[in-house]
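# Breakdown of the fold
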Amino acid sequence: SVTISAEALAGYRVEGIYLDGTKITELTFVVGDKDYEVEAKHVANVYDVKFNANGGEEVEVVTYDVKYNENITSPALSAFTQVGYTLKGFALEASAVTAVYGFEATITVKALADAKNMSAGTAEKQTIVVYAVWEANEFTVSYNGNGATGGEMTSSTFVYDQENKLTLNTYVRA
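Residues numbered from 1 in each chain as written. Predicted model: local features only at pLDDT ≥ 70, side-chain atom pairs only at ≥ 80, totals over all residues. Heavy atoms only, no water.

### Comments concerning the overall build of the chain
- Looking only at helices and strands, the chain features 1 helix and 13 strands.
- Listing the helices and strands of the chain from first to last along the sequence gives β-β-β-β-β-β-β-β-β-β-α-β-β-β.
- In summary, the chain has a C-alpha radius of gyration of 29 Å against a globular reference of 16 Å for 174 residues, an excess of more than 25%.
- C-alpha extents for the chain along the principal axes are approximately 115 × 25 × 20 Å.
- Going through the 174 residues of the chain one by one, you find that 26% of them count as buried.
- The long-range fraction of contacts in the chain, counting pairs at least 24 apart against all pairs at least 6 apart in sequence, stands at 55%. (Helix = DSSP H or I, 4+ residues; strand = E, 2+ residues; numbered from the N terminus. Rg over C-alpha atoms; globule rule 2.2 N^0.38 Å. Buried < 20%, exposed > 50% of the residue type's maximum accessible area, 1.4 Å probe, protein only. Contact = heavy atoms within 4.5 Å.)

Listed below in structure tokens is the structure:
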């Protein structure tokens, strides 16, 4: 009795076991009195890599259908928009505040799959989601006395979507 098994390599799945170049399709086969070459054929895992706007709006849908050992290019800055925010880049977690990948950067699918613990061999296509990382814009409010005869007010800086109070009016009119 001969037991043959093959372990999947990271990022690959075992497509089949081959004996002298012929795929073994039966559980039992006869082994004669010669030397045999037994080989496990590995096939790269396939991934759906999707870039998610993460609260923003997709200007273009960015999805890749790629193999484990291939590279992809992250979207351009113009691929997503969000009112009041600046796109900083991309990360593997929706809650990330720091971008791991920049714009139009080459990313190895291996690195994405390994980071998501999705390198194990499987016959099913797996989906990897990469999320946009946004930073709220700052803006300045300048005050105008609109005909005031006295008083002065310095500008205030605010962050989009954060509550803040305007400075009390110190302008006077005589």
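### Describing the packing of aromatic side chains
- This model, assessed by the stated rule, comprises 8 aromatic pairs.
- With centroids separated by 5.3 Å and ring planes inclined at 80 degrees, the aromatic side chains of F51 and F90 adopt a geometry described as edge-to-face. On the criterion of sequence distance, the pair formed by F51 in strand β4 (residues 46-52) and F90 in strand β9 (residues 85-91) is long-range, its members being 39 residues apart.
- Using a relative accessible area of 2% as the deciding quantity, one classes F51 as buried. (Phe/Tyr/Trp six-rings, centres within 6.5 Å; stacked < 30°, edge-to-face > 60°.)

### Some details on the pattern of salt bridges
- All chains considered together, the criterion is met by 4 salt bridges.
- The shortest N-O distance in the salt bridge between K125 and D65 comes to 2.9 Å. Of this pair, K125 sits in the loop between α1 (109-115) and β11 (126-136) while D65 sits in strand β6 (residues 63-67), and the two are 60 residues apart along the sequence.
- The closest approach of N and O atoms between K110 and D114, which form a salt bridge, is 2.8 Å. (Salt bridge = Lys/Arg side-chain N within 4 Å of Asp/Glu carboxyl O.)

### With respect to the sheet that holds strand β1 (residues 12-19)
- Spatial strand order, β2-β1-β3: 3 strands in an open sheet with antiparallel pairing. Looking at strand neighbours, the two that pair on one side only are β2 (22-23) and β3 (38-44), the edges of this open sheet.
- Bridge count for β1 against β2 is 2 bridges, and the pairing is antiparallel. For Y18, the partnering residue across the bridge sits in β2 and is K23. (Pairing = 2+ DSSP bridges.)

### Here we look at the environment of E37
- Along the polypeptide, E37 turns up in the loop between β2 and β3.
- The class of E37 is exposed, set by a relative accessible area of 54%.
- As a C-alpha pair, E37 and A94 span 57 residues in sequence and 48 Å in three-dimensional space.
- Excluding residues that lie within four positions of it along the chain, E37 makes contacts with Y18, L19 and D20.

### Re the sheet that holds β6
- Spatial strand order, β6-β4-β11-β9: 4 strands in an open sheet with mixed pairing. Because the sheet does not close on itself, it has two edges, and the strands there are β6 and β9. The mean angle between the axes of side-by-side strands here comes to 25 degrees, regardless of whether they run parallel or antiparallel.
- The pairing of β4 with β6 spans 5 bridges and is antiparallel. Within β6, the position partnered with Y47 by the bridge is V66. (Axes fitted to C-alpha atoms, helices over the stretch in contact; angles between N-to-C directions.)

### A word on the nonpolar core
- Ranked by size, the top nonpolar core spans 24 residues in total, and within it V49, F51, F80, L112, I128 and V130 carry the most contacts.
- If you list the elements that add at least two residues to this core, you get β4, β9, α1 and β11.
- Per-element tally for this core: the top contributor is β11, with 4 residues.
- Those residues in contact with F80 that sit more than four places away from it in its chain are F51, N52, A53, E57, E58, V59, E60, P75, L87, F90, A132 and W134. (Core = buried A, V, L, I, M, F, W, Y, C linked by side-chain atoms within 4.5 Å.)

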